[in-house]
Amino acid sequence: KEKQKDNRLVFSVGKQKVGYAECISKVKKKAFGLEGKVYFAALDWERLSTLALDAPKSLKDLPKFPGTRRDIALLVDRSTSFSELQQLIGSMPKSPIQSVGLFDVYEGKGLPEGKISYALNLWLQSEEKTLTDQEIESWIEKVIQLVKKQLGAELRQ
């Protein structure tokens, strides 16, 4: 994504422009009887599909063992980004944590000054066996201890 002078947001894949989004002008909104902020987006589906077809592909066997999702909310310094958390958790050796997602960000009333809360979902899955509840909870505890030690994070209750 890149923002242009005319307030249009341009979507690109590599150096190829594949679409744009913009806020509809007052004149156009009036012509269609629309109120409030209205946005418009256009995508070049032909170019997108060509890029998708030309992209390198790889296949992977479906997992043999089930995975599970666990959610945690962490209180960190406002200067800490989600990507820092994601990279730190992803760097854990021999971890069954397959992905770290963000589903809520909160800052403001009820939090200490200079703090932000990130609610994360962790997807855990082993390629060798079904993880037990005890193993899952052990890995979640390792995550909490790691972010506490490295970033001064706290588990938000």
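You'll find the structure just up there.
About the cut-offs
- Residues numbered from 1 in each chain as written.
- Predicted model: local features only at pLDDT ≥ 70, side-chain atom pairs only at ≥ 80, totals over all residues.
- Heavy atoms only, no water.
- Pairing = 2+ DSSP bridges.
- Helix = DSSP H or I, 4+ residues; strand = E, 2+ residues; numbered from the N terminus.
- Salt bridge = Lys/Arg side-chain N within 4 Å of Asp/Glu carboxyl O.
- Buried < 20%, exposed > 50% of the residue type's maximum accessible area, 1.4 Å probe, protein only.
- Contact = heavy atoms within 4.5 Å.
- Core = buried A, V, L, I, M, F, W, Y, C linked by side-chain atoms within 4.5 Å.
- Phe/Tyr/Trp six-rings, centres within 6.5 Å; stacked < 30°, edge-to-face > 60°.
- Lys NZ or Arg CZ within 6 Å of the ring centre and 35° of its normal.

Student: Explain the pairing of strand 5 (residues 68-77) residue by residue, including any values.
Tutor: Looking at chain direction, strand 5 and strand 7 (residues 115-124) are connected through 10 bridges and run antiparallel. In the strand pairing of strand 7, Arg 69 is matched with Trp 123. Here strand 5 runs beside strand 8 (residues 154-155); their pairing, made up of 2 bridges, is antiparallel. Bridging from a neighbouring strand, Leu 74 pairs with Leu 155 of strand 8.

Student: Outline the sheet that holds strand 5, supporting the account with residue identities and numerical values.
Tutor: The antiparallel open sheet is built from 4 strands, whose spatial order is 6-7-5-8. The open sheet has two free edges, formed respectively by strand 6 (97-106) and strand 8, since each of these has just one partner strand.

Student: With reference to specific residues and values, describe the pattern of salt bridges.
Tutor: Evaluated as defined, the whole model comprises 8 salt bridges. Ionic pairing is found between Arg 70 and Asp 133, a salt bridge with its closest N-O pair at 3.8 Å. In this pair, Arg 70 sits in strand 5 while Asp 133 sits in helix 4 (residues 133-151), placing the two residues 63 residues apart along the sequence. On the basis of relative accessibility, which here comes to 57%, the residue Asp 133 falls in the exposed class. A network of salt bridges, in which partner residues are shared, links Arg 70, Asp 133 and Glu 137.

Student: Can you break down the side chain of Asn 121 residue by residue, with the values?
Tutor: Looking at the secondary structure, you find Asn 121 in strand 7. Every residue in contact with Asn 121, bar those within four places of it in the chain, is listed here: Arg 69, Arg 70, Asp 71, Ser 99, Val 100, Gly 101 and Phe 103.

Student: Give a detailed account of unusual backbone geometry, specifying residues and quantitative values.
Tutor: A positive phi angle, close to 55°, is found at Lys 94, a residue other than glycine. Within the secondary structure layout, Lys 94 lies in the loop between helix 3 (82-90) and strand 6.

Student: Can you tell me about the nonpolar core, naming the residues and giving the values?
Tutor: Judged by nonpolar contacts, the single largest core of 23 residues is most densely connected at Ile 89, Leu 120, Leu 122 and Leu 124. Among the elements that line this core, the one with the most residues is helix 4, at 6 residues. Apart from the residues within four sequence positions on either side, Ile 89 is in contact with Ile 97, Val 100, Leu 120, Leu 122, Val 143 and Val 147.

Student: Could you give an account of the packing of aromatic side chains, with specific residues and numbers?
Tutor: This structure, assessed with the given rule, holds 1 aromatic pair. Considering the side-chain rings of Tyr 20 and Phe 40, the 6.0 Å spacing of their centres and the 50° angle between planes classify their relative orientation as tilted. You can see Tyr 20 sitting in strand 3 (residues 16-23) and its partner Phe 40 sitting in strand 4 (residues 39-43), a full 20 residues away along the chain. With a relative accessible area of 24%, Tyr 20 lands in the partly exposed category. Here Arg 8 stacks its cationic end above the ring of Tyr 20, 3.8 Å away from the centre of that ring. Over the aromatic face of Phe 103 sits the side chain of Arg 69, whose NZ or CZ is 5.8 Å from the ring centroid.

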